[in-house]
Amino acid sequence: MNILLVDDESYVTESLELTIPWTELGIEEVYRADSVDQALLALNTYDIDIVVTDIRMPDRDGLELLAEIGNTWPHIRTLVLTGYSDFEYAQKAIRLKAGDYILKPVDDDPFMESIRRVVTEIEAEWGQTDKYNQLAYQRQSELELLRDGLLNDLLLGREASDRSMLSRLDTYGIHIKPDHTAQMLFVPPGSYTQDQTEEAIRLLEYAIGNITNEILGEHGAVWLGRAPQGGLVILWQYDAQMYAGYKLHIRELRDSVHRYLKTNLSFWVSDPFVFPTEISSTYRQMMRFAHLAYAAAEQGIHFIQEQHQPLERPSAMKFMESLYKPPALIHLLESAQWNAAKQKVDQVLDTMESLPLTHEHLYEVYLAVSNALVYMAHHHGYKLAASDSGGLDPFSAQQITGSLSKLRVWCNSVLTRIELQGTPSALEPSRSRIVKQVQEMVAESLGQDVSVKTIADRVFLHPVYLSKIYKTETGEGLGDYIIRIRMEKALYMLKHTNSKIYEITAALGYQNPQYFSKLFKKHYGMTPNEFRET
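What you see is a predicted model, and the numbers here were worked out from it, not measured in a lab.

Student: Which parts of the structure should I look at to understand the pattern of salt bridges?
Tutor: Any two side chains of opposite charge can pair if their charged atoms end up close together. Evaluation of the coordinates by the stated rule reveals 12 salt bridges. With a closest N to O distance of 3.4 Å, E113 and R116 form a salt bridge. One end of the pair, E113, and the other, R116, are both in helix 6 (residues 108-155), 3 residues apart, so they sit about a helical turn from each other. The class of E113 is partly exposed, set by a relative accessible area of 41%. Notably, a salt bridge pairs D346 with R408, separated by 3.9 Å at the nearest N-O pair. Here D346, found in helix 13 (residues 338-352), pairs with R408, found in helix 17 (residues 404-422); they are 62 residues apart in sequence, far enough to count as distant. In this structure, a network of salt bridges that share partners links the residues D37, R60 and E64.

Student: Can you walk me through the packing of aromatic side chains in this structure?
Tutor: Describing an aromatic ring pair means giving the distance of the ring centres and the angle of the ring planes. Applying the stated criterion across every chain, the model contains 14 aromatic pairs. Each ring, one from W22 and one from F111, has its centre 6.0 Å from the other, and the planes form 90°; the classification is edge-to-face. Highlighted residues: W22 in helix 2 (residues 22-25) and F111 in helix 6, separated in sequence by 89 residues. For W22, a relative accessible area of 7% translates into the label buried. Members of the aromatic cluster, connected to one another through ring pairs, are Y510, Y515, F516, F520, Y524 and F531. Looking at K247, its charged tip hangs above the ring of F303, at a distance of 4.8 Å from the centre. The ring of Y510 has R486 sitting right over it, with the charged end atom 4.3 Å from the ring centre.

Student: Got a minute to help me understand the nonpolar core in this structure?
Tutor: Across soluble globular proteins, nonpolar side chains show a tendency to be buried alongside one another. Ranked by size, the top nonpolar core spans 53 residues in total, and within it M184, W223, V233, L235, F275, I279 and L407 carry the most contacts. Beyond its immediate stretch of four places on either side in the chain, L235 contacts L151, I176, Q183, M184, A221, V222, W223, F273, F275 and I279.

Student: When you look at helix 1 (residues 10-19) in this model, what are you seeing that I'm missing?
Tutor: Note on helix geometry: an α-helix contains 3.6 residues per turn, so any two residues three or four positions apart are oriented the same way. The complete set of buried residues in helix 1 reads V12, T13 and L16. Along the axis of helix 1, the buried positions cluster into a sector of 90°, meaning they face one direction only. Summarising the geometry of helix 1, the exposed residues directed more than 90 degrees from the buried face are Y11 and L18.

Student: Where do I start with the packing of helix 8 (residues 198-215) against helix 9 (residues 246-261) in this structure?
Tutor: When two helices pack together, their arrangement is given by the angle between the helix axes and by the axis-to-axis distance. Direction vectors running N to C along helix 8 and helix 9 enclose 140°, while the axes themselves pass 10 Å from each other. Put simply, helix 8 runs oblique to helix 9. You can see that helix 8 and helix 9 cross each other, and the crossing is right-handed. Between helix 8, through L204, A207, I208, I211, T212 and I215, and helix 9, the contact on the second element is made entirely by H249, E252, L253, S256, V257, Y260 and L261. Here the residues of the contact of helix 8 with helix 9 are counted per class, giving 9 nonpolar, 3 polar and 1 charged.

Student: Is there a simple way to think about a negative patch on the surface in this case?
Tutor: On the surface, E214, E218, E252 and D255 cluster together into a negatively charged patch. Note that E218 resides in the loop between helix 8 and strand 7 (220-226).

Student: So what exactly am I meant to see when it comes to the environment of Q514 here?
Tutor: If you trace the backbone, Q514 turns up in helix 23 (residues 513-524). On the accessibility criterion, Q514 (58% relative accessible area) is exposed. When the C-alpha positions of Q514 and T527 are compared, they lie 9.8 Å apart, and in sequence the two are 13 residues distant.

Student: Looking at this structure, how should I read the pairing of strand 4 (residues 77-82)?
Tutor: Successive side chains on a regular strand alternate, one facing one side of the sheet and the next facing the other. Of all the 6 residues making up strand 4, 5 are buried; the element is thus mostly covered by neighbouring parts of the structure. Direction of pairing for strand 3 (residues 50-54) relative to strand 4: parallel, over a ladder of 5 bridges. Looking at the pairing, D54 lines up with L81 of strand 4. On the question of chirality, the crossover connecting strand 3 to the parallel strand 4 by way of helix 4 (residues 62-72) is right-handed.

Student: I'm lost on unusual backbone geometry in this one. Help?
Tutor: Outside of glycine, negative phi angles account for most residues, and trans bonds account for most peptide bonds. Cis geometry is found at the peptide bond from F275 to P276, where omega equals 0°. With respect to the element layout, P276 can be found in the loop between strand 10 (273-275) and helix 10 (279-295). Residue D179 is not a glycine yet carries a positive backbone phi of 65°. The residue D179 is located in the loop between helix 7 (162-171) and strand 6 (180-187) in this model. Among the residues examined, D179 registers a relative accessible area of 56% and is labelled exposed. Despite not being glycine, K262 shows a phi value in the positive range, around 55°. A relative accessible area of 69% means that K262 is categorised as exposed.

Student: What's the story with the side chain of T13 in this structure? I'm lost.
Tutor: Inspection of the secondary structure puts T13 in helix 1. Judged by relative accessible area, T13 falls into the buried class, the value being 1%. Of the polar contacts made by the side chain of T13, one reaches the side chain of R32; its length is 3.2 Å. Apart from residues no more than four positions distant in its own chain, T13 is found in contact with L5, V6, D7 and R32.

What counts, and at which threshold
Residues numbered from 1 in each chain as written. Predicted model: local features only at pLDDT ≥ 70, side-chain atom pairs only at ≥ 80, totals over all residues. Heavy atoms only, no water. Salt bridge = Lys/Arg side-chain N within 4 Å of Asp/Glu carboxyl O. Helix = DSSP H or I, 4+ residues; strand = E, 2+ residues; numbered from the N terminus. Buried < 20%, exposed > 50% of the residue type's maximum accessible area, 1.4 Å probe, protein only. Phe/Tyr/Trp six-rings, centres within 6.5 Å; stacked < 30°, edge-to-face > 60°. Lys NZ or Arg CZ within 6 Å of the ring centre and 35° of its normal. Core = buried A, V, L, I, M, F, W, Y, C linked by side-chain atoms within 4.5 Å. Contact = heavy atoms within 4.5 Å. Arc of directions from axis to C-beta. Axes fitted to C-alpha atoms, helices over the stretch in contact; angles between N-to-C directions. Parallel < 35°, antiparallel > 145°, perpendicular 65-115°, else oblique. Left-handed = near helix turned anticlockwise from the far one by under 90°. Nonpolar A, V, L, I, M, F, W, Y, C, P; charged D, E, K, R; others polar. Patch = residues over 30% accessible without salt bridge, like charges linked within 9 Å, V, L, I, M, F, W, Y side chains within 5 Å. Areas by Shrake-Rupley, 256 points an atom, 1.4 Å probe, with all protein chains shown as cover. Lys, Arg positive; Asp, Glu negative; His and termini not counted. Charge placed at Lys NZ, Arg CZ, Asp CG, Glu CD. Pairing = 2+ DSSP bridges. Right-handed = clockwise from strand over helix to strand, strands pointing away. Polar contact = N/O pair within 3.5 Å; in protein donor to acceptor, adjacent residues only side chain to side chain.

The values reported here are purely geometric and, on their own, carry no functional implication.
Right, here's the structure in full:
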């Protein structure tokens, strides 16, 4: 902290500066002034935390200085120097929020005690401010997770009731209005994630979000988040009168990102659609086009016209249901559950045997597996070409999705190649093996007493150390991961089974239905009963 000593008798401030052990009191810099004008100059020049001022001075008195400090620098703590004969002035100083008054001539011990008390008060105030900032940051981080979770649910077709939707949008600070038209901008992950660490990607996404809010947010409501299979999704809802000029603002966004972040983004822009009823079908359409463009290394802004591809009805997702059912394909591959991943894909392909297939249906499965492949390659350093065997080439993709049998052969080949590259070996870091082992245990033990402690006991590590390893390797707390996987399973059971709430509670290893409901509401913004009613 820094202190300013003000007295027209300069020997007083000079004596205090030289004789008081300031560093022991927590004071780093001591500044002096001989008048109110000099004091105001110092206050405008330096970062002052405490002011000690005499009251009686020739031109302007200390009470004027206290009033100015209270108006301009309310955070600064003040003390006054006064003699016995000036006690009335001291009372006025107290009314001007001076923290204390010190009698002249100054005695070092009482003076130091007053300074020490003020320093302690400031430190306590700073501590409260730090705590508030930490809580605000934590709340903002939690809101980002909740927003991404809601966006992912909508993009994957998990729609909520109108009442629940309005409540969650309002709670999460999202200004997109239901039953109004919006546009979707999709940024494929390959256009900005190549050769970047996860931390660098997150920072880049944060910067892209700021630029997006500044440019597009000026003309309407904006909601930006991560897509389920990677990349960014931007929802933009603007006044219909601005439709004619929306392309100019999107080009301005891309140019600004290039100018300030030195990054060339690819944007896929949808036609207007009704939010939220058409968001999932719009997203699936964007993914198909963007994936082929990524494979062909196309860059720029691509405006998808409705006549290019009809939007799918939500019912067309039914055959893909098991592919998205928790644990998702990407989660299985991340935890090296190779057989389970193959069984999940085979289940979808087997279901398709009885369907009147179109090329779009085949391409849907191809796209899901390809997205998992790209994700594994970018996040785990696998060689894409070795895993894919040419499948990301648009001409190869046309051949692969030409028939169900060709698609099945390709899927099995890709998953086998990923397994060969991802199988733990003696050279693989032990931490990665531990993380995979933990993820397998969580998947196998959802109905049991699964906790950080029980898992730590099974891998022969201290719970604190295991939590630190898991957080370092994945960026997610182990306890948070366990809850997330359980909540995803709960969501699926609520949606696709007739099990009662207490049965789902027991199936997930919880003893108390009320506690389970509280966790579910914290995770999804509504209770299990409210979700089922939707």
